[in-house]
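Residue-level listing of the chains:
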Amino acid sequence: MFPKGRQFLDGILVANEVVDDAKKLKKDLLLFKVDFEKAYDYVYWNYLDEVMSKMSFSYLWRKWMKECVTMATTTVLVDGSPIEEFPLAPGLRQGDPLSPFLFLLATEGFYVMMESMVTNNIFYGYKVGRGRNLYISHLQFVDDTVILGESSWDNVNAMHTVLYLFAAMSGLKVNFHKSELVGVNVSWSCLL
């Protein structure tokens, strides 16, 4: 999740280099910029707890995180006076310093699913490197996700499947109206 020796902007630079490589070599490339619908609002707590459990977080730590996320209450001022406190909706809260870190844990499930798709030759990432034996299939930074791969309907179907399965497990739904599929050296008729 946080590879040692990497920098904040490495994902952007990698994506840019992949696009430049595809243009220079005239290779087909599909990029899918994923927009998760109200990303923090819909994370299922049980899913997040399961991810932390699989990552060997202790029970006590998971309990603390659950209490921080699920026990919060708030109030509002009406005519200058606070009304009775009420619980916040499920999910992670914008502005909470824990939320970006918990969201990263939630997206770990997507990472594992994509790695499995690549390992099992269901999704084909974009080949890079001197021997063209390194595949780049996805880049993530908090709630920004880019899926990169060869131009094929099989890849489009695999992306679709992974995103729907991930949504069912995690609660993170893809907003397909704000997401963007881009082809490099791909005729638009191939994408329609």
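Just so you know, the residues in each chain are numbered from 1, in the order the chain's sequence is written. Given that the model is predicted, a residue must reach a pLDDT of at least 70 before its local features are reported, and side-chain atom pairs must reach 80 or more before they are shown or counted; all residues, however, enter totals for whole chains, interfaces and linings. Only hydrogens and water are removed before side-chain values are computed, so all heavy atoms of the structure are retained for them.

A few words now on the packing of helix 2 (residues 45-54) against helix 4 (residues 99-119). Interaxial angles span 0 to 180 degrees and are taken between N-to-C directions of axes, which are lines fitted to C-alpha atoms, for helices over the stretch in contact. Secondary structure counts use DSSP, requiring at least four H or I residues in a row for a helix and at least two E residues in a row for a strand, with both numbered from the N terminus. Where helix 2 meets helix 4, the closest approach of the two axes is 9 Å, and the angle between their N-to-C directions is 80°. In terms of orientation, helix 2 and helix 4 fall into the roughly perpendicular class. The segment helix 2 lies against helix 4, with Y47, L48, V51 and M52 engaging L102, L105, A106, E108, G109 and F110. Note that the term roughly parallel is reserved for angles under 35 degrees, roughly antiparallel for angles over 145, roughly perpendicular for angles of 65 to 115, and oblique for everything else. When checking whether two residues touch, look at their non-hydrogen atoms; a contact exists if any pair is within 4.5 Å.

With phi around 55°, K26 is a residue other than glycine that occupies positive phi space. Considering the arrangement of structural elements, one finds K26 in the loop between helix 1 (10-25) and strand 1 (29-35). Looking at K26, the relative accessible area reads 67%, which means it is exposed. Its identity is not glycine, yet N121 carries a phi of approximately 55°, on the positive side. With respect to the secondary-structure elements, N121 resides in the loop between helix 4 and strand 6 (126-128). In this scheme, a residue with accessible area under 20% of its type's maximum is buried, one over 50% is exposed, and one in between is partly exposed, where area comes from a 1.4 Å probe on protein chains only.

Looking now at helix 5 (residues 153-170). Each α-helix winds once per 3.6 residues, and so residues spaced three or four apart point in a common direction. By this rule the span expected of a helix is its residue count minus one, scaled by 1.5 Å. Under the 1.5 Å per step criterion, the end-to-end length of helix 5 is 25 Å for 18 residues, consistent within 8% with the ideal 26 Å. All of the buried residues in helix 5 are N155, A158, M159, V162, L163, F166, A167 and S170. Projected onto a plane normal to the axis of helix 5, the buried residues spread over an arc of 165° and lie on a single side. Counted as exposed and oriented over 90 degrees from the buried face of helix 5: D154 and A168. Of the residues trailing helix 5, G171 is marked for its positive phi of about 90°. Directions from the helix axis toward the C-beta atoms define the arc.

Take the packing of aromatic side chains next. Note on aromatic pairs: the rings of Phe, Tyr and Trp (six-membered ring only in Trp) are paired at centre separations within 6.5 Å, and the planes decide the class, stacked below 30 degrees, edge-to-face beyond 60, tilted for the rest. Taken as a whole and assessed by the stated rule, the structure comprises six aromatic pairs. Ring geometry for Y47 and F166: centres 6.2 Å apart, planes at 80°, overall edge-to-face. With a gap of 119 residues between them, Y47 in helix 2 and F166 in helix 5 connect regions that are remote in the sequence. One exposure class covers both Y47 and F166, and it is buried.

If DSSP finds at least two bridges between two strands, the strands pair. Read across the open sheet, the four strands follow the order 8-9-1-10; overall the sheet is antiparallel. The sheet is open, and its two edges are formed by strand 8 (138-141) and strand 10 (180-184), each paired on a single side. Pairwise comparison of adjacent strand axes, ignoring direction, gives a mean angle of 15° for this sheet. With five bridges connecting them, strand 1 and strand 10 associate as antiparallel partners.

Before going further, it helps to examine a nonpolar patch on the surface. Patch membership needs two things, relative accessible area over 30% and no salt bridge, and members are linked within 9 Å if like-charged or within 5 Å if nonpolar (Val, Leu, Ile, Met, Phe, Trp, Tyr). Surface accessibility in these figures is a Shrake-Rupley result with a 1.4 Å probe; residues are shielded only by whichever protein chains are displayed. Counted as salt bridges are all cases of a side-chain nitrogen of Lys or Arg within 4 Å of a carboxyl oxygen of Asp or Glu. There is a patch of nonpolar side chains on the surface, built from L60, W61 and W64 and spanning about 310 Å² of accessible area. For W64, the position within the fold is in helix 3 (residues 59-70). For W64, a relative accessible area of 45% gives the class partly exposed.

Turning to its location among the elements, V182 is positioned in strand 10. The contact partners of V182, leaving out residues within four places of it in the chain, are L29, L30 and L31.

Remember, this is a structural readout, not a statement about activity or role.
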